[in-house]
Structures are given as structure tokens and as C-alpha cells.
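Residues per chain are reported as follows:
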Amino acid sequence: MRPYTPKDNVQKKSYYTDRYWVAPQVAKFDVSTDEVFAADLKVIKGKFKVLDAYIQVEQMVVYIRPEDNFGVLKLMRDSLEYTQLSEMSAIDWLADKGQFEIFYQLLSMNKRKRIRIKCFIEENQAIESVEKIFRSADWAEREMYDMFGVKVNNHPFMKRILMPYDWEGYPLRKTYPMQGDEFASWYEVDKIFGKEARDVIGPEIRDAAAVDRYDTKRFARLGHEVAYGEDISEGEPDTVQTYQEEGGVFLVGKLTKEESVVITDRDR
Amino acid sequence: MQHKNRLRPFFENITFEREDNELILNFGPQHPSSHGQLRLMLHLQQEQIVKAHPDVGYLHRGMEKMAENMIYNEFLPTTDRMDYIASSSNNYGFALAVEKLIGLEVPRRAKVIRMMLLEVNRLMSHLFWLATTALDVGAMTVFLYGFREREYLMDLLEDYCGARLTHSAIRIGGVPLDLPDNFIADLKKFLDKLPANIKDYEDLLDTNRIWQMRMEDVGVISKEMALSWGCTGPMLRASGVKWDIRKEEPYELYDEVEFDIPWSDKGDNYARYKLYMAEMRESAKILYQVLDMYKDTSPELMAHAPKYISAPKIDIMTQNYSLMQHFVLVTQGMRPPVGEVYVPTAPSFWHTGVLTDLLPGHYIPDVVSIIGTTNIVFGEVDR
Amino acid sequence: MAQHQVNYTQNGGLPVALTSIDKLVNWGRSNSLWALTYGLACCGIEMMASGASRYDFDRFGTIFRASPRQADIMIVAGTLTKKHAEFIRRLYDQMTEPKWVISMGSCANTGGMFNTYATVQGVDRIVPVDIYLPGCAPRPETLQYAVMMLQKKIRAEKADKSQKPKRLM
């Protein structure tokens, strides 16, 4: 994995350093190009304010006001046959706009269409739960709260779902470091052994390639087995590795290569 | 040095016995039949469950956060570890999303190979499901039989890509390798045997009294519940919704092959079991057709899109510009156009959520068979 | 009333072996390593495969047990997350002495590819590990080899002494 760099302002500053890079956009089409979507949009527009709507990769995206989310989704299910909520979550735009984008991905099996309902909320603004309309939102909203810290009103059980209940921080926010903060890095040690064991166990080794050749406390090597904590800066003895000791083992038969049968055909 | 560990009982905030005679039973997270790391807190009236509270997240490894910090091709091997029972399917889901974003057309041979891999993975996954569920319900023989067949499929995939479990066999823009020499013959040999094998399992289970008692009319998911919870696949089809994404929104070459969608309106464990068995037969049917398609395809394996996909190796070795482009693609990664795409994946999260509504009213022994037939994989639930 | 006609000890009915207690005890320990089913993620599937028909772990005397109280080795197969960490320690504490731990797969060894906030960077932060098993996921053959190595390690141990406190704790 490439070295991690903090991405607090990733939305403001381009990830690519190329100054002349203009990112191309996936084509957006007008809703009128698809009759089914156009009819759906008309129904939504009749009752609620629609901020923006377009078709992208064969799916309609509709932006609504955050306070309308319950009403729109109820309309979608009851009148427009969008019977399934396939996915819902948030997108962190805090660095850029100070807002979260909430999306609801809906599927209509009769029309074979997928629609994405979106809205923007402020950082500390709560959103109304749609769990009464789609049960799947029960868990999706908990996950959204767990990962982004977006609070949901009128949810039956608003607790963390993926992270432990006593976790600090919201992992999928852009400001949360990928390898965890101070709390995360000592979480299991603090919980199991207590803070006083931090010195004994030591900090996490985050560099997967870090191997200290002379560290006999942490690393063992096949063929060079030494006792725990022994000083091997002068070199270590070779220990020949056979899975059985020479001369056989008490009460255990030893198979030699000549005696054993090697099966080549795997007999499919 | 002997350090005292400070673990105290975890449930100090839960009253185990309450005045209303409700007992709280903790199931998991390391229960052998919880298919991974599912923890269930069950409120019991005698042996009957009145309230179920599934707790997930014991395998949350932060894949989304990893993906944020990677280029597109780097993330592909991580998708293997989501649904680790059928990992090519996850590779495919991710690759398809990126391809849709770019608007890439994949060569026909790659499509054929992808379909083979997907269906072989489906068979592997279903066999594994059958083996473990049967083991949980107590049918040890089926476990051994199921794994026997699964090993042959794993051998096939090992011949193809070198890995048994985590394949990374589907890349963005195509597949990395052509089929090895004996692949088609070996797969045919396996497929010829498969119906007899499936019949073996069915003979062992279908009319087995214990199996029927633990499966029939247990874990009935109504149509409304299945839709509301966003269930997909056999979970949905067993509840009377005839929706198969391969037919309704066909991808790859699924619109060119003939197959049936098995479905049922019973919604119980037994219906789901029968669906899985029927799906294995359909899979075999699809595979026969796809194997025939292979001959008539031209040998290209990766899409031609120099902006996003590295050129073939021969071009990289001989042409300067291809080499430069390859360097850029490896070090900086491809830069697809900015936009959003949705590809349906990862159903297990919702299938675990269903347990909240499904378990109340059932008895403790039913829990295991219900978890079994939901076929949840925790790499995918928790990501 | 029937009487036993054969004097087993004299007529060659029962094998008599002279050995040390160490060897006898270690013979018993090393050839009946009952493993705790600790499948956490992908490696757990390979662990199941090694217990199933083709690789057949039973011939090593390794039988998977669901209860820590009946188990001798804990095969930590898969990614250990921070949320799960306390349970692995709890189950390890519940196992009876002597006990050994095999850390199976890169995730269990070092955190592997999951270098993130949610993953414990190596189970050796939580429980002492005897054998580290590389691979992602290791094949069943690798696990079998690890069990053989562990058997060899056990045979070299002294039986009369209680287990030395291992690394970490």
C-alpha cells in the first residue's frame, strides 16, 4: 500500500498535482430523454420542491430538500412503485461545502428502474428517519451515524453498528486518519490489559515491511530458531528443519518419500 | 512477566434475568455456526425468542477507508476479501462499476471467461453454503460431500489464476489471462458429474425427517418483509418475487444464454434450500452454453482504452508510448471521469438485518438453521 | 465364568515400550491437538477446507472443537478487529493449559493488507503466538505443515514443567 497522506482538504485541493488536469465528467442527460423517469419526476415535482434532476449512467438523480426526505420516499414507495431501498448513506463534503450529502438508492422492480434521491444537510443537522417506510433504512441509518456521525431523528435504536459502542470518532469522515487516531491505536490494549500495559506491549507497527533482523522477541525464522530474547547480533545457529526429528519419533511411524504414494491425477 | 488482564464480563449493563421472566441469551460472536462473526442478543421467554438484536461489525476492517486512499487497480485484491466464498464475483462487481463509469466495452472472450468465473464461483459458493448449513443442522455427510466437489472447482480456479480462495481473476477492462489448456475439458468433466452429485445431496436431505423438521415452515420471510429489507437473490425469490438481476438487468452475456429462474412463494428455509439446489443446476446449464461460446471468440482479453487500461505486454515492451502510459497508470492510476455509478452488491448486510424481524417467534434451535439459509458472509456484512 | 486365557504382557499381546515420561506425555499432547474453531475471515474458510474431505485434518489427531475448554490449540484464522479483540483474549483465557496458538494468515500475523483503524496489527498484541503462518490466504497444506511444526515444537518441550509464561503476558 502506498504511504498514507492526510486528506483533510481533499475536496478543495485536487488529489492530482497536475496543474493543467481538468477532470472530465460522466455525461449527464436531461430527464426528458427517458419517459418513465420523466413521468416519475413530474409526480415528485407535483408535491415537493425538486432542486435538480438529471440522468447519469442510466439512473435518475433527484435533489430534494432535506426536510422532505420522508415524504418523498413515502411517495416513491406508495405511488411510484419503488419498492426497495437498495442502499443509503452519506458523502462527506465537509471540507468543500461544510455539508453532508445523503443519498437514497431506490429500485422499482415493476419498471426496472433505479433512482437516487439526494439531499444536502449541514454538519450538525439531523435528518428524519425513513425506517418506517423501508426497514432496511434501520441498519443503513445506524451505519451512517456510525461512519459519519450524521444523526437521525425518530430512529428506534440509534447506536453504532460496525464500530464498538465505546468508539470515538467517525471513521469515514475525511478528517479521520486511515490508520486511526491515538484512541484507536491503543483501543484493544487499553480495553484488555489497561493503560499500564501500553509500555509492555508497545505501539503498533504500521509499516508492514518493517522487519528487524535481530529482534528475537518479535520475529522467528524457520531454519534459525533461537530462544526468546536471545542476542543474535553475532549470528545465529542453523537449525535444520524437518517436520520430524531424525531417527523418528516415539510411537509415531515415519514415512519416507519412497514409501508414500504420490497422486498426480486429481480425479475431477 | 505475567500481566493481569482486566477483562470483566462484557454484559455488566445487561440484566440477565429480569422480573418479567425474560432471559437474555448472548449468541456469538465466536459461535461455530454463526457463519463468521455474528453476535446475536436474544430475549427469550422460555425457549421462544421475543426480541432479537443482531450485532455486527466484528469483521469491520475499514475497506471503504482503504479504497479512499488507493488507486482503482490497487483496490481490486481487497474486494476478494469481502465475499471470500465467491471472490471473483466481488472483483466483477467492482470492475463493472469502474467500467460503467468509464464507459468501457469489454472484449467478447473476456466476457465469456468472466461468465465462466462467475458461475464457477456461484457453484463454489452454493456448495459451501450447502456444506456448512447442513453441518450446522447436523448433517455431517453432506459437509464432506460438499467440500469434496468444492475442492475440484477450486483446483479449476487454481489452474486459471493460481489462487484457491482469493482470485483477483477479473480486472478492470477484462481478464488478465486466457483459459489454460485443460480448463474446458476439466470443467466439462466436472459438470457432467454435477447432476449426480446434486442428486446425492438431495437424496440425503430432501426427505430426511430431521432436515424437514428444521427447515419446513421455519424462518418464513413474507414478500413485504423481503422487499422492505432490500433482500436480493434467493432470499427474495424464495419469498415470491420473481426478480433475477441476470434476467432483468442483464450484464455480460446473460441475455444470450438460456436459463430459468427458480422461485417459490413459501419463503421458508426449505424453499431457500430448494432454490439453492435448483440454482446449481441452472448454473451448470449456463456453463455448458458458455463453454460452447468460447470457441468462436477472438483472443483479445483486455479492452483497448489507452487512457485507462495498460496496453498488452508486447506493446509495452516494444513501443515507447505504451511504456510511458503503463508507468503513469501504475504509479498514478487511471483517472475515470468524475461521476457516480451504482452497481448492486453486498446483500449480506441487509440479510443480517432481516434477522431482527425474522427471529422473534422462533425457538433457539431454529436460529442456527435460519442463519444458515440466509447465507451471510461477514466479510461483506462488515467490510 | 470365563477366564482370560492370554497373558497379554507375556505373550506379546500388548506392546511394551520403555521411555521417559516426557516422551510419553508429549506423544499424547502432540498427536491429539484439538483445535478451537476460530475462523474469523477468509482463512477460516481454508481452515474448514483443511478439516474437510480432501485435506482431512483428523489424521493428525486435530479435531475441531467448538468449546475453548476442550481445545489445545487456537488457530486464529483471519483478520482480528479491534471490536473482536477482547473476545479472543477471553477465549484464550478459557482454554486449559497447556495451550498453543497458531496465527494463520497475514492479517493475523501483522494486520496484513488491512492497515486501517479497525484492525489489530497482529494477534500477538493480544495473545502469545507459537507459530506464524504466512499467506493470504494460506493453503490447507501450509496449515498442515504448521501443525507438524507445532507437533515438533511440543515434542521438544519438557512435560514436567508447567508452561513457561509466554511472550507478551
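What counts as what
Residues numbered from 1 in each chain as written. Chains lettered and ligands numbered in written order. Predicted model: local features only at pLDDT ≥ 70, side-chain atom pairs only at ≥ 80, totals over all residues. Heavy atoms only, no water. Domains from an automatic or database assignment. Contact = heavy atoms within 4.5 Å. Buried area = accessible area lost by both parts, 1.4 Å probe. Salt bridge = Lys/Arg side-chain N within 4 Å of Asp/Glu carboxyl O. Polar contact = N/O pair within 3.5 Å; in protein donor to acceptor, adjacent residues only side chain to side chain. Helix = DSSP H or I, 4+ residues; strand = E, 2+ residues; numbered from the N terminus. Nonpolar A, V, L, I, M, F, W, Y, C, P; charged D, E, K, R; others polar. Buried < 20%, exposed > 50% of the residue type's maximum accessible area, 1.4 Å probe, protein only. Phe/Tyr/Trp six-rings, centres within 6.5 Å; stacked < 30°, edge-to-face > 60°. Lys NZ or Arg CZ within 6 Å of the ring centre and 35° of its normal. Disulfide = S-S within 2.5 Å. Pairing = 2+ DSSP bridges. Axes fitted to C-alpha atoms, helices over the stretch in contact; angles between N-to-C directions. Expected span 1.5 Å × (residues − 1). Patch = residues over 30% accessible without salt bridge, like charges linked within 9 Å, V, L, I, M, F, W, Y side chains within 5 Å. Areas by Shrake-Rupley, 256 points an atom, 1.4 Å probe, with all protein chains shown as cover. Core = buried A, V, L, I, M, F, W, Y, C linked by side-chain atoms within 4.5 Å.

All names here are of chain B. Partitioning chain B into domains gives domain 1 (1-60 + 348-363) and domain 2 (67-347 + 364-374). In this structure, domain 1 and domain 2 have C-alpha centres spaced 31 Å apart. Contacts between the two partners involve 26 residues from domain 1, matched on the other side by 25 residues from domain 2. For the domain 1 face of the interface with domain 2, the top three residues by lost area are His 35, His 351 and Leu 358, together amounting to 29%. The tally of links between domain 1 and domain 2 comes to 0 salt bridges. Taken together, the connections running from domain 1 to domain 2 amount to 8 residue pairs in polar contact (both at pLDDT 80 or more). Of all the secondary structure elements, the ones that give two or more residues to the side of domain 1 that touches domain 2 are strand 1 (23-27), strand 2 (39-45) and helix 14 (348-358).

What follows covers the interface of chain A and chain B. On the chain B side, the residues contacting the 62 residues of chain A number 63 residues. When chain A packs against chain B, the two sides together hide about 5,500 Å² of surface, and 54% of this comes from carbon and sulfur. If you look at where chain A meets chain B, you find 5 salt bridges. The partner of Glu143(A) in a salt bridge is Arg383(B), with the nearest N and O atoms 2.3 Å apart. The interface formed by chain A and chain B includes 13 residue pairs in polar contact (both at pLDDT 80 or more). Sorting the residues of the side of chain A that touches chain B by element identifies strand 4 (84-93), strand 5 (99-108), strand 6 (113-122), helix 4 (136-148) and helix 6 (187-192) of chain A as the ones contributing at least two each. Here the side of chain A that touches chain B takes 7 residues from helix 4 of chain A, the largest share from any one element. Residues of the side of chain A that touches chain B, tallied by class, amount to 31 nonpolar, 10 polar and 21 charged.

Cis peptide bonds are those with omega within 30 degrees of zero, and the linkage from Cys136(C) to Ala137(C) qualifies with -10°. Along the chain, the position of Ala137(C) falls in the loop between strand 5 (131-133) and helix 5 (140-155). For Glu81(A), which is not a glycine, the phi torsion comes out positive at approximately 65°. Among the residues examined, Glu81(A) registers a relative accessible area of 35% and is labelled partly exposed. The phi torsion at Asp217(B) lies on the positive side, around 60°, for a residue other than glycine. Judged by its relative accessible area of 55%, Asp217(B) is exposed.

In this section: the packing of aromatic side chains. Scanning the entire structure with this criterion turns up 23 aromatic pairs over all chains. Ring centres of Trp211(B) and Tyr273(B) lie 5.1 Å apart, and the angle between their planes is 75°; on these two criteria the pair is classed as edge-to-face. Residue Trp211(B) is located in helix 7 (residues 209-215), and its partner Tyr273(B) is located in helix 11 (residues 269-294); the two are separated by 62 residues in the primary sequence. Among the aromatic residues, those joined into a cluster by ring pairs are Tyr92(B), Tyr251(B), Tyr254(B) and Phe259(B). In this arrangement the basic side chain of Lys97(A) is found over the ring face of Trp93(A), its NZ or CZ atom lying 4.9 Å from the centre. In this structure, Arg148(B) is placed above the aromatic ring of Tyr145(B), and the distance from its NZ or CZ to the ring centre is 4.7 Å.

Summed over the entire model, instances satisfying the criterion amount to 0 disulfides over all chains. Unpaired in terms of disulfides, Cys161(B) finds its nearest cysteine sulfur in Cys136(C), a separation of 13 Å.

What follows concerns the sheet that holds strand 3 (residues 73-77) of chain C. All names here are of chain C. Here we have 5 strands laid out as an open sheet, ordered 2-1-3-4-5, and parallel in their pairing. In this open sheet, the two strands that pair with only one neighbour each are strand 2 (64-65) and strand 5. Packing against the sheet, helix 2 (residues 42-51) makes contact with strand 2, strand 3 and strand 4 (100-104), and its axis sits at approximately 130° to strand 3.

The next point concerns helix 6 (residues 183-205) of chain B. Residues and elements named next belong to chain B. Its 23 residues place the ends of helix 6 31 Å apart at the C-alpha level, agreeing with the 33 Å of an ideal helix rising 1.5 Å per residue. Of the residues making up helix 6, those classed as buried are Phe 183, Asp 186, Leu 187, Phe 190, Leu 191, Leu 194, Asn 197, Ile 198, Tyr 201, Glu 202 and Leu 205. On the buried face of helix 6, the contacting elements are helix 4 (108-137), helix 5 (140-161), helix 7 and helix 11.

On to the pairing of strand 3 (residues 48-55) of chain B. All names here are of chain B. Where strand 2 and strand 3 come together, 7 bridges link them in antiparallel fashion. Among the inter-strand pairings, Leu 44 is bridged to a residue of strand 3, identified as Ile 49. Linking two consecutive strands that pair antiparallel, namely strand 2 and strand 3, is a turn of 2 residues; a positive phi of about 50° is found at Gln 46 within it.

This part takes up the interface of chain B and chain C. Taken residue by residue, the interface counts 43 residues in chain B and 38 residues in chain C. For the pair chain B and chain C, the two sides together bury roughly 3,600 Å², of which 62% comes from carbon and sulfur. Between Glu46(C) and Arg164(B) there is a salt bridge; the shortest N-O distance is 2.8 Å. Where chain B meets chain C, there are 16 residue pairs in polar contact (both at pLDDT 80 or more). Counting only elements with at least two residues in the side of chain B that touches chain C, the list comes to helix 1 (63-68), helix 2 (72-80), helix 4 and helix 5 of chain B. Counting residues per element, the side of chain B that touches chain C draws most heavily on helix 5 of chain B, which supplies 10 residues. For the side of chain B that touches chain C, the residue count by class is 21 nonpolar, 11 polar and 11 charged.

There is a patch of nonpolar side chains on the surface, built from Leu251(A), Leu24(C) and Trp27(C) and spanning about 280 Å² of accessible area. In this structure, Trp27(C) sits in helix 1 (residues 21-31). Look at Trp27(C) and you get partly exposed, because its relative accessible area is 33%.

Now for the nonpolar core. By size, the foremost hydrophobic cluster in this structure holds 201 residues, and its most contacted members are Ile102(A) and Ile117(A). Considering each element in turn, this core owes the most residues, 17 residues, to helix 4 of chain B. There are two domains that each give this core at least three residues, and those are domain 1 (1-60 + 348-363) and domain 2 (67-347 + 364-374) of chain B. In contact with Ile102(A), not counting residues within four places along its chain, are Met88(A), Ser89(A), Ala90(A), Ile117(A), Lys118(A), Cys119(A), Ile121(A), Ile127(A), Met144(A) and Val150(A). If you look at the next biggest cluster of nonpolar residues, it comprises 27 residues, including Leu40(C), Leu91(C), Ala108(C) and Ile126(C).

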